[in-house]
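# Structural features, examined
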Amino acid sequence: MKLLYQTHSPYARKVLVAAHELGMQHRIEVIHHETSPTRRNDEVFALNPLGKVPVLIVDDGPALFDSNVICEYLDSLHAGAKLIPHEPAAHFHALRRQALAQGMADAGIAARWEAERRPVASRWPPMLQGQLDKIAAACDFLEREIGDAPSTATLPDVGDIALATALSWIAFRDVYPFADGRPRLSAWYARFSQRPSMRATTLAGNTRD
């Protein structure tokens, strides 16, 4: 399998962390691709009409996107404990947290457009604040309900992985100080960040628009 990847994408990192957690990282060739709405990458567009990574090129089927679909596909390739649990309560808990994390990453990217990526004359401060407010509300919600991070001996679920990689990107881009005043969320993230899967997939690089 080949993974079209970007070293500074929270969504791509989510897939690679999942692969490490499942012990599948050695089955995947990781190929870095720069993508941006303002710089067309024809190789990525040929596989994903949205022009985004991650994209997983599989051996016996069409290319897969986005990160949610790829993680579910990887989870289907083994018979062990699952990233997406079967038991209904755990299943929807994981998917709900994944949805929250994806929304946080989406809001963070939108905030970066308004804070630094858009030409200065085109920036809209109320939009920036609105996106930061979404992240703040999500972090307050998590502070109330986060619980303990899974031990290194326990497979995390896809919601845990999505949340950790979204928070890592928010910290990497200095979008929002999510740890300030939130000791439970801060402790959860610090513990999850020590997992080998996170240490092997650190974010790096700058977006080129």
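Here is what the cut-offs are and how they apply
- Residues numbered from 1 in each chain as written.
- Predicted model: local features only at pLDDT ≥ 70, side-chain atom pairs only at ≥ 80, totals over all residues.
- Heavy atoms only, no water.
- Core = buried A, V, L, I, M, F, W, Y, C linked by side-chain atoms within 4.5 Å.
- Buried < 20%, exposed > 50% of the residue type's maximum accessible area, 1.4 Å probe, protein only.
- Helix = DSSP H or I, 4+ residues; strand = E, 2+ residues; numbered from the N terminus.
- Contact = heavy atoms within 4.5 Å.
- Phe/Tyr/Trp six-rings, centres within 6.5 Å; stacked < 30°, edge-to-face > 60°.
- Lys NZ or Arg CZ within 6 Å of the ring centre and 35° of its normal.
- 1 Å grid on protein atoms, 1.4 Å probe; cavity = no way out; pocket = protein on both sides within 12 Å on 5 of 7 lines; lining within 4 Å.
- Points joined across faces, edges and corners; volume = space filled by probe spheres on them.
- Pairing = 2+ DSSP bridges.
- Axes fitted to C-alpha atoms, helices over the stretch in contact; angles between N-to-C directions.
- Right-handed = clockwise from strand over helix to strand, strands pointing away.

### Comments concerning the nonpolar core
The biggest cluster of nonpolar side chains holds 53 residues, and the ones touching the most others in it are Leu74, Met104, Tyr176 and Trp188. For this core, the elements supplying multiple residues, two or more each, are strand E1 (2–5), helix H1 (10–21), helix H3 (67–75), helix H4 (88–117), helix H5 (125–145), helix H6 (158–172) and helix H7 (183–192). Considering each element in turn, this core owes the most residues, 9 residues, to H6. Excluding residues within four positions of it along the chain, Leu74 makes contact with Met1, Val15, Ala19, Leu22, Met24, Ile28 and Leu56.

### Focus on the packing of aromatic side chains
Within this structure, the stated rule accounts for 2 aromatic pairs. Taking the centre distance of 5.2 Å and the plane angle of 90° together, the rings of Phe178 and Tyr189 count as edge-to-face. Residue Phe178 is found in the loop between H6 and H7, and its partner Tyr189 is found in helix H7; the two are separated by 11 residues along the sequence. Each member of the pair, Phe178 as well as Tyr189, is classed as buried. Between Trp188 and Phe192, the aromatic rings sit 5.2 Å apart at their centres with planes inclined by 15°, giving stacked as the arrangement. Of this pair, Trp188 and Phe192 both sit in helix H7, 4 residues apart, which is roughly one turn of the helix. Just as Trp188 is buried, Phe192 falls in that class too. Lying across the ring of Phe45, Arg40 places its NZ or CZ 3.9 Å from the centre. Above the face of the Trp113 ring, Arg117 is positioned so that its terminal group lies 4.0 Å from the ring centre.

### A closer look at unusual backbone geometry
Omega for the peptide link from Val53 to Pro54 comes to 10°, which places this bond in the cis form. Mapped onto the elements of the fold, Pro54 is located in the loop between helix H2 (42–45) and strand E3 (55–57). A cis amide bond links Phe65 with the next residue in sequence, Asp66, at an omega value of 5°. Within the secondary structure, Asp66 sits in the loop between E3 and H3. Although it is not a glycine, Asp174 sits at a positive phi angle of roughly 55°. Looking at the element boundaries, Asp174 is found in the loop between H6 and H7. On the accessibility criterion, Asp174 (68% relative accessible area) is exposed.

### Notes on empty space enclosed by the protein
In total, this model carries 1 cavity of 30 Å³ or more according to the counting rule given. Volume-wise, the largest cavity comes out at about 80 Å³. If you trace the largest cavity, you find it lined by Pro10, Tyr11, Lys14, Ser67, Gln98, Ala101, Gln102, Ala105, Ala162, Thr165 and Ala166. Every element with two or more residues in the lining of the largest cavity is listed here: H1, H4 and H6. Per element, the largest residue contribution to the lining of the largest cavity is 4 residues, and it comes from H4.

### A look at the side chain of His33
Tracing the chain through its elements places His33 in the loop between strand E2 (29–32) and H2. In this view, His33 contacts Leu4, Tyr5, Gln6, Asn41, Glu43, Val44 and Val53; residues no more than four positions away in its chain are not counted.

### Looking at the sheet that holds E2
Within a beta sheet, neighbouring strands are joined by backbone hydrogen bonds and run either parallel or antiparallel to one another. Judged by pairing direction, the sheet is mixed, and its 3 strands sit side by side in the order E2-E1-E3 without closing on themselves. Here the strands that pair on one side only, and so sit at the sheet edges, are E2 and E3. The sheet shows a mean angle of 25° between the axes of neighbouring strands, taken without regard to direction. Sheet topology places E1 next to E3; 3 bridges connect them, and they run antiparallel. Along E3, the bridge assignment pairs Leu4 with Val55.

### A look at the pairing of E1
Successive side chains on a regular strand alternate, one facing one side of the sheet and the next facing the other. As judged from the 4 bridges shared by E1 and E2, these two strands associate in the parallel manner. Counterpart to Lys2 in the pairing with E2 is Glu29. What joins E1 to E2 is H1, and the crossover it makes is right-handed.

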